[in-house]
Structures are given as C-alpha cells and as structure tokens.
Amino acid sequence: MLFNSIEFVVFLPIVFAIYWLIGSARIKSQNLFLLASSYVFYGWWDYRFLALIAFSSVVDFVVGQQLHRTEKFRKGWLALSLTVNLGLLGFFKYYNFFVDNFVEAFRFFGQAPDISTLSIILPVGISFYTFQTLSYTIDIYRRKLGPTKDFVGFMAYVSFFPQLVAGPIERATKLLPQFFEKRKFTYAQGRDGMRQILWGLFKKIVVADTCAIFANDIFSNSAEYGSATLLIGALCFTFQIYGDFSGYSDIAIGTAKLFGFNLMTNFRYPYFSRDIAEFWRRWHISLSSWFRDYVYIPLGGSNGTRKRTLINIFVIFLVSGFWHGANWTFIVWGGLNALYFVPIFLLKKNRNNLDHVDYFWPGWNNFSHILFTFSLTVLAWVFFRAENVGHAFDYIVGIFSFTGGKWHGGDYLPLAALMLIIEWTMRKRGFGLDFSAHVPKWLRWTLYSMCVWLILFFFGEEQAFIYFQF
Amino acid sequence: MKQLLKSILIFCSLMAGYLAINLLINFHRLTDPISLEGNVLIVGDSHLNTSLNPDQFASASNICMGGEAYILTFYKLKKAIEDNGQIDHVLCGFSYNNFSAYRDARLTGEKSKSQFSKYYPVLPLDLPEKIVVNETKFYHTFLRELTLYPNFSPPPYLGGFVKYPYELDKANLKETIRKHYYTNGPFIGISPYTEQFLDSIVSFTTEKNIELTLVSAPLHREYRSRIPEEIKTAFNKTKLRMTRKGILVLDFLDISYNDTLFKDYDHLNYEGAQIFTELIKKEISNRKMNGAHKKQDIENPADIRQQDLPNN
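Every chain's residues receive numbers from 1 upward, in the order its sequence appears when written. Ligands are numbered from 1 and chains lettered from A, in the order in which they are written. Confidence filtering applies because this is a predicted model: local features only for residues at pLDDT of at least 70, side-chain atom pairs given and counted only at 80 or more, and all residues used for totals across whole chains, interfaces and linings. For side-chain calculations, the full set of non-hydrogen atoms in the structure is used, while hydrogens and water are omitted.

A.B. asks: What's the story with the sheet that holds strand β2 (residues 60–62) of chain B in this structure? I'm lost.
C.D. replies: Within a sheet, neighbouring strands are paired by backbone hydrogen bonds and run either parallel or antiparallel to one another. Residues and elements named next belong to chain B. Two strands qualify as a pair provided that DSSP identifies no fewer than 2 bridges between them. Helix and strand labels come from DSSP, where a helix needs a run of H or I of at least four residues and a strand needs a run of E of at least two; each type is numbered from the N terminus. One open sheet holds the 5 strands; their spatial order is β2-β1-β3-β4-β5, and the pairing between them is parallel. The outermost strands of the open sheet, each flanked by one partner alone, are β2 and β5 (248–251). This sheet shows a mean twist of 20° between the axes of neighbouring strands, independent of strand direction. Bridging between strand β3 (residues 89–93) and strand β4 (residues 211–216) involves 5 bridges; their strand directions are parallel. Within the sheet, the bridge partner assigned to His89 lies in β4 and is Glu211. In this description, a line fitted to the C-alpha atoms serves as the axis of each element, helices being fitted only across the stretch in contact, and the angle between N-to-C directions of two axes falls anywhere from 0 to 180 degrees.

The following block contains the structure:
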C-alpha cells in the first residue's frame, strides 16, 4: 500500500479510530491490532512476503532470548541472526548481481561457468526491516538492551507499518520500549503528525512525482538532449529523490505520531549543507547512523591510524552505496561521496558546520559553500539514477560538453523552488510546516490550504516511492 | 482528540466548501450544449483537422483535434449530434495511423492526463469499464477540472480547422514514423479499440439516420512507404468491411500531391487543404448524384479522380 494512494486514505482513519477505541490502557491489544494492521498494509503489496517478515521476526526474537539467557555460544547466536537476516537480504537483493559479476569475471579469463540468474522479486522494504531487526540482536549482544518477552510487541516493532517499507530505520533501544509504554494521544502530537503528513505528501506528490516526469524522460533519452536539458534532468532527479524519500519519512513520522509513537528524524534539510560532511549528517540520518554505530565504529572508526581511518571511511561509503541496490552505479555513487568527504576529513573540517545558518540571508560565503556542495551532490545523483556506470559518465560528459540539442524544459522546477523556500524559512524547525505558536492561524491555514490544493492538483501522477526498491 | 478532530473538521469543511463552489460554477461544462454551424460535421484527428476547410463547404463545421483516437471521436460526435439536430452528414477521418496502438497509449500512458483534460466533458464516468485507461488519472481529471478552480474557458475538446501556411518540413519523417508506429522500439501493434469505436460511430450515425463518409487525406509518399504492413493490412480490411456495410470511403491516401501541398509528411498545408476540400466536395456531390456509395464497388475513388489533381 502506498502512502500516496486512495487505499491508504481509507486505511489510515480506520486503523487510527480502532486503535484509539481499543484504548491506551490495553497496550497488548493495541500492539496486536497494530501488528495485524501492519501485516494488512504490507500484504496489500504482496502477501507472500509476509512469511519472510514473520520468519525474520521469530528468529530474532528467539536469538534475543538466547543471547540474554546464556553466556555460552553468544557469538554463535549472533552469527545465526546475522546469517539469517543478511542471508535473506543477500539472496533476494544481491544474488543475481553476484552471479552476473562472477560470470563476467570468469568470461574475462576465458571461462564460462554455467550459473544462471534467478527471476527474484525483491520484497519491498527488506533492507529496512532487516537492519531494524539486526539492531535488536546486536544491541542485546552488546548488552545495551534487554530482550523482550512480549512476542506480539516485538513482532509489531519489526513490522510497524508507518516505517516498515522505507524507514526511518529505528533502533530497538529507541522504538521497542515505546511498544510497552502507555501511549497517550495529545492534541499537540496529533496536530504535528497531521502537519508532517501533509508536508510529506506535498514533497512526494507535488515535487517528487512532477520532477520524476522530466527526470525519467531526460535520463531515458539522454543521448538526444543538449547540455542544458541534461543539467535540468539531473536537477529534477535531485529534487525527485529528496522529495520522494524525505516525503516518505515525513509521512512515516507523522503517521507514527498519530499512534503516539516518536520516530527519529531522517532528514534535516540536507540541500542547505555547506560541506559534504554536513550533508551526510542531514541525509538519511537513520541509515548513516546505523552504519556508523554497527560498521564504522566496530571497524575502529577514526581511532586508528590515518590509513586505517581512510579505509574505514571508504568501506562505510561503499557499503552504504551497495545497500541501496545491486548495481555498480550505487557503489560508484558511494565511492564518489567518499572522495568528496576525504579532503574535508583530512583537513579536519568535517565538523565545521554543525548547525544551519542563523540568518535568513546566508551571506555570500555560506551561499557559495551551499551551492558548491549542492552541485557536487547533483553530480553524484547522476550515478545513482543512471542505468549503468557508462550511462552516467556519458550523461556527465553531455552536461559539460556545452552542446545544443533537443530541449526539454523543467516546467515543474518552480515547485521544487517553492519547497526550498519554505524549508529554508523553517530550517531551524523539524519540517516545512512545523509552525511555532506565534505564527498566526490565518497564515498557517493558508499554507495548509495551498499544500492541499497543490496535492489535489498533481495527485494523478501517482508513482511508487523510489526507496521501496531498496 | 476532540480538539484535533474539530480542527480537521473545520479545515475540511472550508476546503469542501471551496471545492463545492467551484463545482457549482463549473458543472455547466458537463451539461452545456455545443452549438455548431451547418449540416456537415467533420470529425477525426489532425489529418482532417488540417485538410478539410469547412468554409469551402456550403455549411459545415470542423471539430477535428490532433491525436484524437476513435474512442474520443465517438463520444465527441455523440455530444455534437445530440446537441445539433441539423447535422445530416458526418465526414470522419480514416487513415493508417488510426490503427496504430500509439493512439491508445495516449490514453493509458503519461499523456493521458492531457487527453482527459480536454475530453472529460463528453466522456462517460464508466469509461474505465469499457477500455483500459489509467483510472487514477481519469477520475482525478474530473476532480481537478471541476472543483479546483473556476473554469470559464470554452470546451477544450472541440478543435477546428487549422491553417498551416508553410511548406513541407523535411526534418521530422523518422521521428513521425517512430512516434506513430514504433514508440518503444519494435512495432507498437494494432489498436484493439479502433475497430470497436469505429463500429460505434457507424452504429450511432445509422441509428440517427445521418450519412457517414470516411475520408482518407493524402499522405506523402515517403511516409506511406514506411508504414508497417500490419497497419496497411488492418486498414484495408476495415475499409473493405466498411464499404460492404454501405459506408462511403473516400480513400485519397495514395495520391501523389506535390511537396508544396504538405505541411509535413502526413498533413496537408493550407494550400493542400483548399485543393483537397474541393476534391472531397466534388466526390461527394458526384456520389450523391450517382447514388453510387450504397454497397459501393469502387475500392479507390482516387483512381478515377487522378486527372483532377495538381502536379500529379
């Protein structure tokens, strides 16, 4: 079920009403209902893969118990959890990639091994819930978290529908306890949730889906277009992916708030970053911090030699790229971001910009840094979007060849500009419509109405969320 | 909870009020009759839209629209005839590209939004049950066009005769052929709806006792030579079937008009339209005098009119 579909418009109020009718005193019943609702939400896409989530949840529940119960074989139990979860992820997401590259490598040396690829459907959201369940077992192994005995609560945590298919990737330490506490409905939380859902829908439907029309056409026919159009195509994709993914996160966080849950912030206005390190502190925060805590730091982080640290940096960026999909384009995208990051790190400037610019007019210095970082990001997104690495290089060469050619204007880019203006104004707050109390009601309602109007106007372009495929 | 629900209710009521006011203002677009001049009505896509000038007829209207599939022509024609009782003769475009599935792709793919935006006042709400269309885009069009803003523009589906003064643009032949027949690489296929809705047009005009003539406007020889055989076969089969049904088919596709009479490889320019309109008028008048079009045996009237053609 998509957040931007009619089905969800019907689903959400029904689930919301029943959930609060059950009452906050009956936590277990609420959890059971959330679990059932989440399985309906996921099963709407393909019910066959519900077994996969259930299996993954059962394994991690049992492993969690065992890790706590015994001092022996703790590593073995953790290995079991890692093997099952990463094994499923590897099979569904990476099997064909490895087979293809294995065969290609042998062909290079004149051999032709008889290994065929499989027609595998990638279960939606597998990368997200796999990482979420892994955080549970790893944190128990590290003794940062005690295991839960509430099987239903744990299952509901793994499959919590607002963030099941595209995050934020929640840590068990933060989200799981919320399933065992009494959830209260407050006006402020409900209002914030509704506002955040509205802003997420605006970013998805008005910005991402409209920019997608141009990005799809320009990337699909890039050989026909001139430099200016290719640049517009790259810009359109830049806003598409931000509107799409951060829009999803906003809807997820807003929806969770309606049920009394607090999810972590996943985006903090990344396109206003003044260097690439700041960008990565603001983009897909739940994944970046997951890799930092469960990969980078265990590898030694930045505590070892400079060489070791640089290797760690490249590892984390490459793994992060590979997490997105089984394609060399994602790996190159990760590598390119590592290359952007390393000079800042070596100059020890990676923690220079920890907070947003204070003033509305950023000044030339800040503005030029924002523009430069944004330009680097746009170029990197070309690899992310391209069909293959060759296509990405051709596309970038096309941009810098300054040639004429078929023109295709980005008619919807002003909508992206509108989003940027609103977000720049609200950059010190949580999301675009996160108004403080001193904003007059008429102004708030006017902006809500404008968002609703634009959503209704552009609704027909419904497209799936990009990150569903990851 | 009550406070939140109250706020949501007030906000939704205000929005609903705004939408309802627009609906009241715009509702006439669904019901207003269209007023057309004359007893002859010219319908179809860009081929007759550029090649039959209604001003050269005694009394006629041309409501052709570029890229119009027979599905849309049928509903538009239905509305036009129901609102204009004086119409007794319909000239409907009939060409090779009517048979290409690319016309259907305009209703199912990315461009369907612009198509529905033009034609929604004449389309039935149960259209998605009759043909495969993007349902979200189809119903969303009604919501957007009727409720989001007051709309005072004239009916967008009417079209009309378009004068193109310039001469043959030789740059776009390959692109035109690709667009019409090979949009996604291989041959795009035959439209499953062309026959169905052409039959609907025939049944409807017969039921209303209106004479129907299918008119095939000239195509440039370079264009003709590149049309897939599958399309030609489908066209010829239907042409024969229509002829057997007693429908007059004026097929001038193969006439070798001079380049100066074309706007591009599949449309006439204004000068070409003037000549072609006269030709059609004469042809209809001759047929009426001879009464030859009933169960006609003439496969290609162009064969007997070659002497009338310029630069032949």
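A.B. asks: I keep staring at the packing of aromatic side chains and nothing clicks. Help me out?
C.D. replies: For any two aromatic rings, the description comes down to two numbers: the centre-to-centre distance and the angle of the planes. All names here are of chain A. Aromatic rings from Phe, Tyr and Trp, taking only the six-membered ring of Trp, are treated as a pair when their centres fall within 6.5 Å; an angle between ring planes under 30 degrees marks them as stacked, one over 60 as edge-to-face, and anything in between as tilted. Using the criterion set out here, one finds 89 aromatic pairs over all chains in the structure. Where Tyr19 meets Phe259, the ring centres are 5.0 Å apart and the plane angle is 75°; that geometry is what we call edge-to-face. Remark: Phe259 occurs in the loop between α9 (227–258) and α10 (276–282) and Tyr19 occurs in helix α1 (residues 6–22); sequence separation between them is 240 residues. Seen in terms of ring centroids, Phe341 and Phe345 are 6.0 Å apart; in terms of plane orientation they differ by 25°. Their pairing is stacked. Within this pair, Phe341 and its partner Phe345 are both found in helix α13 (residues 328–346), separated by 4 residues, close to a single helical turn. Judged by its relative accessible area of 12%, Phe341 falls in the buried class. Cation placement over rings: the criterion is NZ of Lys or CZ of Arg within 6 Å of the ring centroid and within 35° of the ring normal. The ring of Trp323 is capped by Lys93, whose NZ or CZ atom sits 5.0 Å from the centre of that ring. Each residue is placed in one exposure class: buried if its accessible area under a 1.4 Å probe, protein chains only, is under 20% of its type's maximum, exposed if it is over 50%, and partly exposed if it falls in between.

A.B. asks: Any chance you could explain helix α4 (residues 70–83) of chain B here in plain terms?
C.D. replies: Along an α-helix, a turn takes 3.6 residues, which lines up residues three or four apart on a common side. Residues and elements named next belong to chain B. Expected span of a helix, by definition, is 1.5 Å for each gap between consecutive residues, and there is one gap fewer than residues. Between the first and last C-alpha of α4 there are 20 Å, a value that for 14 residues agrees with the 20 Å anticipated at 1.5 Å per step. Summarising burial for α4: 11 of the 14 residues are buried, a large majority. Residues of α4 that are buried: Tyr70, Ile71, Leu72, Thr73, Phe74, Tyr75, Lys76, Leu77, Lys79, Ala80 and Ile81.

A.B. asks: Would you take a moment to explain helix α15 (residues 389–400) of chain A for this structure?
C.D. replies: Residue and element names in this part refer to chain A. Between its first and last C-alpha, α15 extends 17 Å over 12 residues, near the 16 Å set by a 1.5 Å rise per residue. For α15, the complete set of buried residues consists of His391, Ala392, Tyr395, Ile396, Gly398 and Ile399. Relative to the axis of α15, the buried residues are bounded by an arc of 155° and lie together on one face. Turned more than 90 degrees from where α15 packs its buried face, Asp394 and Val397 sit exposed. Note on definitions: a residue-residue contact is assigned when non-hydrogen atoms from the two residues lie within 4.5 Å. Contact partners of the buried residues in α15: α8 (187–220), α9 and α14 (363–385). Its side-chain oxygen at 3.2 Å from the backbone nitrogen of Gly390, Asn388 defines the N-terminal cap of α15. A positive phi of about 50° marks Phe402, the residue just after α15. Here the arc refers to the directions that run from the helix axis out to each C-beta atom. Between N or O atoms, a polar contact is any pair within 3.5 Å; within protein, one atom must be a potential hydrogen donor and the other a potential acceptor, and residues adjacent in sequence are included only when both atoms are from side chains.

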